[in-house]
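The lines below spell out each chain.
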Amino acid sequence: MDLDVSALKFNPSYTFDCGQAFRWRPVDSQKSIWVGAIGRSVISVTRDRVRIHSQEVHAQHHSDKVLDYFTPEDDLDSILERLPKDEFLSGAIREFPGLRILTQDPWECLVSFVCSINKNIPAIKLAIENLCDRFGDPISSDIGIYHTFPSPEALANAKQSDLLSCKVGFRWKYIKYIAMKIQSGELNLESLRNLSYEDARQAIVSKLSGRTFGVGPKVADCALLFSLHKTNAFPIDVWMSRCIREHYASMLRIEKTVLKKSLTPRTYALLSGTMRLHFGKYAGYAQQYLYMKTRTDSLYSR
DNA sequence: TCCCAGGTCCTAC
DNA sequence: GTAGGACCTGGG
C-alpha cells in the first residue's frame, strides 16, 4: 500500500538522520529510500511516498498510524516562517529544507534516548537494534523480516544478562525499571499527550528521575519533543551547548561563565528556558535545525 | 592503546 | 547548589 506524502514536503534524509529516531536505514547510496518499522508495519519512505510492506489485517488503521508518524498536522512552511530568525538559524533552515519532527511512540522514544546516554550515535543504533532483534516481535514483509520495538512487558520481564547481551551496558537497569513502571500502569505516557509541556514533563521526571530510572532533563525533553509532540521543548545536549555558546550567548545575554560550567540541573533549566522563551511555541523545530547545522559544521571543520 | 560518546547519578564540599 | 568522578561498551 502506498501513501502520497508529497504535500508534507519533507526530506527523509534530514528527517531520519538528525538524531531524533535511530532505526531508519537508507537502502541506496543516494539516501533517497529509507526503510524502518512504525509499530507493526514495515515501511519504505521516499520524498513523495510511504510504502507499507507488511501485510496486516487492519490496513486502514495501520495506514492512519503510519501517516501520523510524520506529523501531518504541522505545516512546516508556516512553522519555520514564524520562528524568530537570526543568521545562524536562517542558514540552518536553508541548508536542511524538509527536516520534520516526527511523532514517535513515546515508550520507544523514551527507551531509545535512555540508550543514548553517554554513547555515540552508531553505538546507540546498535544497542536499539539488538533490543528489537532480541525482544521485539518479528514482522514479515515483502522486503524481509523486521522486528517491532519491544513491548514494556518484554523488557520488564527481561533478565539482566539478556539485556546486557544487547550491549546496553549500565543502562540495563534503567530500561528494565522504566518498563516496569509502564507495565504496572503507574506511568501512562500516552495520557500525557493532552497535557502542557510543563505538566507532561513533571509527570515523567517525577516518576522516572533518580537512581533507578536514569531519566534526566535531556532524555525527558527528547521524549517530549520527538514523541509527545511538545513542540516548545528544547533539549540541551553537548552540541546545543556549543551552539548557544557560539551563536546565542551574547544575543540572549547569557553569561559566558554559565556555559563554561558543567551542565547542572540549574544550568540546563536556564539554557533550555532561555531558548524556549526566545523561539516560542515551535522552539523544538529551531532546536532540530540548530542541532543539525552545528553537528555538520563541526564534521566539516575536522 | 587510549579517548570519547545527543547524560545521569553520587559523593564530598 | 555544584564540581568532579564513575559508568558499559563500541567506534575512531
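Predicted model, so just to flag it, every value in this text is computed and none were measured.

Asks: Please set out the sheet that holds strand β4 (residues 41-45) residue by residue, giving values where relevant.
Replies: Across the sheet, which stays open at both edges, the 5 strands sit in the order β1-β5-β4-β3-β2 with antiparallel pairing between neighbours. If you trace the sheet from one side to the other, it starts and ends with β1 (2-4) and β2 (25-26), each paired once. Where β2 meets strand β3 (residues 34-38), 2 bridges bridge the pair, whose relative direction is antiparallel. Note on β3: the bridge partner recorded for Arg25 is Val35.

Asks: Give a detailed account of the pattern of salt bridges, specifying residues and quantitative values.
Replies: Evaluation of the coordinates by the stated rule reveals 13 salt bridges. With its nearest N and O atoms 3.3 Å apart, the salt bridge here joins Glu129 to Arg23. Of the two residues, Glu129 is situated in helix α6 (residues 121-135) and Arg23 in the loop between α1 (12-16) and β2; the sequence distance between them amounts to 106 residues. Accessibility expressed as a relative area gives 21% for Glu129, which makes it partly exposed. In this structure, the salt-bridge partner of Asp297 is Lys293, at a minimum N-O distance of 3.2 Å.

Asks: Could you give an account of the protein's contact with DNA strand B, with specific residues and numbers?
Replies: Around DNA strand B there are 25 residues in total, and Cys18, Gly19, Gly210, Arg211 and Asp237 lie nearest to it. Of everything in DNA strand B that lies within 4 Å of the protein, sugar and phosphate atoms constitute 52%. Between a phosphate oxygen of DNA strand B and a main-chain N or O atom of Lys218, the distance comes to 3.4 Å. One of the side-chain nitrogen or oxygen atoms of Gln287 is found 2.8 Å away from a base nitrogen of DNA strand B. Mapped onto the surface near DNA strand B, the elements with two or more residues apiece are α11 (217-226), α12 (238-248) and α15 (283-301). When the residues that make up the surface near DNA strand B are grouped by side-chain class, the tally is 11 nonpolar, 10 polar and 4 charged.

Analysis parameters
- Residues numbered from 1 in each chain as written.
- Chains lettered and ligands numbered in written order.
- Predicted model: local features only at pLDDT ≥ 70, side-chain atom pairs only at ≥ 80, totals over all residues.
- Heavy atoms only, no water.
- Pairing = 2+ DSSP bridges.
- Helix = DSSP H or I, 4+ residues; strand = E, 2+ residues; numbered from the N terminus.
- Salt bridge = Lys/Arg side-chain N within 4 Å of Asp/Glu carboxyl O.
- Buried < 20%, exposed > 50% of the residue type's maximum accessible area, 1.4 Å probe, protein only.
- Near = heavy atom within 4 Å.
- Polar contact = N/O pair within 3.5 Å; in protein donor to acceptor, adjacent residues only side chain to side chain.
- Nonpolar A, V, L, I, M, F, W, Y, C, P; charged D, E, K, R; others polar.

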